[in-house]
Amino acid sequence: MKENRLLVFTLAAVGTGFVCGLLLRQFNFSDDVRNLIGFPGEIFMQVLKLMVLPLIFSSLISSLGQMDGSKSGKMSVIAIAYYLTTAIIASCIAVTIVFLFHPGNPEIKKGNLNEAIVEGDSSLSALDSLLDLLRNMFPQNIVEATMYRAQTAFVVVRKKIVKNGTIDEPVLLKKTIKLTQGTNILGLIVFCTGFGIIISKLGGKVQVIIEFFIVLDKVVMKFITVLMWFSPFGIVSLIASSILDIDDLYKMMTAMALYLFTVLTCLFLHCVVAIPSLYYFLTKKNPIDVAKGMAQPFVTAIGTASSGASLPQAISCVEENLKVDSRIAGFIMPLGNTINMDGTALYEAVAVIFIAQLNNVDLSFAQVITIW
C-alpha cells in the first residue's frame, strides 16, 4: 500500500511541476528566485547521486561474494548480449523513424535556431572513444575513479618554426589524455566485479567481509527507501525550474515540434512495443507485470531526467515487487545502468540525422549504417 501511495505522489509531482512551471512563467522572476525554486530539487539530486557509489560497492560485492564464479560469468555474458541487442533495436528504430518523419527542415535554421547549430568538427574518432572506454574500465587509482574519468582531448600547442629568416608560430592540435570530472562508474563496476568474484572463491576465510557488504547493502537500501518519500518535493522543484529556464517556450515548441514528436515516437516504439515484445519472446511471460512493478523508478527517472538517480529505487523495486534474487539484482542492475544505453543510442541517432537534414546534407547508405 505504501508503494502505491508513493507512486501516486510521484505521478502527481510530475504534473504539479509542469503546471507550477507554466504558471510561474507569468512572473518575471530574477535569477536568484529561479535558483531558489530549483534548490530543493538540486539537493534531492545530490543526495540521490550520493547513494549511487555506496550502492554499487555494497550490491555488487555482496551479490558476487555469495555467488558461484562460473554462474556470475555466464550471467554477465547473457546480460551484455541482451544489452547489445536492445541497443541495436533502439538505433534501428531511430534511424527508420527519423527518415520517415524528416523533422530537419532547412527553413528552421534560417529562422529561430541559428544559435543552436554548432559549426566545426570534433577530431575525436570512434577509435578514441573505444580506447577511452577501455581506459576507464581499468582505472589506475580506485579513489581517483570515484571523482575522475579518462577522456581523450585535443589541446592547443604553439610551436615556433624558423623558415627563411622568419619565425612562424602555427597553432597545432595535440592529442592528449585528460582527467575530466565525473565518477568513473564503469571502472568501479569492473573493480567491484573482480573483488566480488575473488572473495567468492576464498570461501569461509572471507565470510566476515561478505557479511559486512551484505549488511552495508541493507543499510543503503533502507536509507534510500526513506529518502524516496521526499522525491515528490524534489521532482516538483526540478520540473518547475527547468520550465522557468526556457527563454521562449512557445518559439522552442513550434520550431522543434516535429523533432520532439520524432524522438517521443521512437521512445514509445522502443519502450512500449520492442522491449515488451522481446521480453515476451524470451520468457513467454506478461511484460505488463514487469511494467507495474517498475512504475515507480520509471516516474522518478522522468522527473529527475537521470537513470543514475533512479538506480537505487530500481534495485529496490526489482527485489521487492518482481521478487528477483537480491544477488542477481545487485549485480545486473548497476551493470545495466552503466552500459545499457538504449535511450542514448536512440536519441543520438535521431539528433545526428536531424542536423544533417537541417543542413541539407545527403547521407549515403554507408554513413547511415555507420550512425546506426
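About the criteria used
Residues numbered from 1 in each chain as written. Predicted model: local features only at pLDDT ≥ 70, side-chain atom pairs only at ≥ 80, totals over all residues. Heavy atoms only, no water. Helix = DSSP H or I, 4+ residues; strand = E, 2+ residues; numbered from the N terminus. Contact = heavy atoms within 4.5 Å. UniProt positions renumbered as here; feature names shortened; annotations may be inferred. Expected span 1.5 Å × (residues − 1). Buried < 20%, exposed > 50% of the residue type's maximum accessible area, 1.4 Å probe, protein only. Polar contact = N/O pair within 3.5 Å; in protein donor to acceptor, adjacent residues only side chain to side chain. Core = buried A, V, L, I, M, F, W, Y, C linked by side-chain atoms within 4.5 Å.

Asker: What is the right way to read the environment of Ala-145 from this model?
Answerer: As for its position among the elements, Ala-145 is in helix α7 (residues 142–145). It is 6.9 Å that separates the C-alpha atoms of Ala-145 and Leu-188, two residues lying 43 residues apart in sequence. Excluding its chain neighbours within four sequence positions, the residues that come into contact with Ala-145 are Pro-139, Thr-183, Asn-184 and Leu-188.

Asker: For this particular structure, what's the right way to read the UniProt feature "transmembrane region" (unreviewed entry) in the chain?
Answerer: Here the UniProt-annotated "transmembrane region" (unreviewed entry) positions come out as residues 6–24, 36–57, 77–101, 184–203, 223–244 and 256–282. In this annotation, residues 223–244 is assigned 86% helix and 0% strand; the end-to-end C-alpha distance for the span is 32 Å.

Asker: Explain helix α15 (residues 326–339) here, please?
Answerer: Spacing of three or four residues puts side chains on the same side of an α-helix, whose turn is 3.6 residues. The terminal C-alpha atoms of α15, which comprises 14 residues, lie 20 Å apart, in line with the 20 Å expected from a rise of 1.5 Å per residue. Three or more residues of α15 are buried, namely Ala-329, Gly-330, Phe-331, Ile-332, Met-333, Pro-334, Leu-335, Gly-336 and Thr-338. Measuring from the backbone nitrogen of Arg-327 back to the side-chain oxygen at the start of α15 gives 2.7 Å, which picks out Asp-325 as the cap.

Asker: Is there a simple way to explain the nonpolar core in this structure?
Answerer: Nonpolar side chains in soluble globular proteins tend to be buried together. By size, the foremost hydrophobic cluster in this structure holds 22 residues, and its most contacted members are Leu-60, Ile-61, Phe-331, Ile-332 and Leu-335. With six residues, helix α3 (residues 52–65) is the single largest residue contributor to this core. With near-sequence residues (within four places) excluded, Ile-332 lies in contact with Met-75, Ala-79 and Tyr-83.

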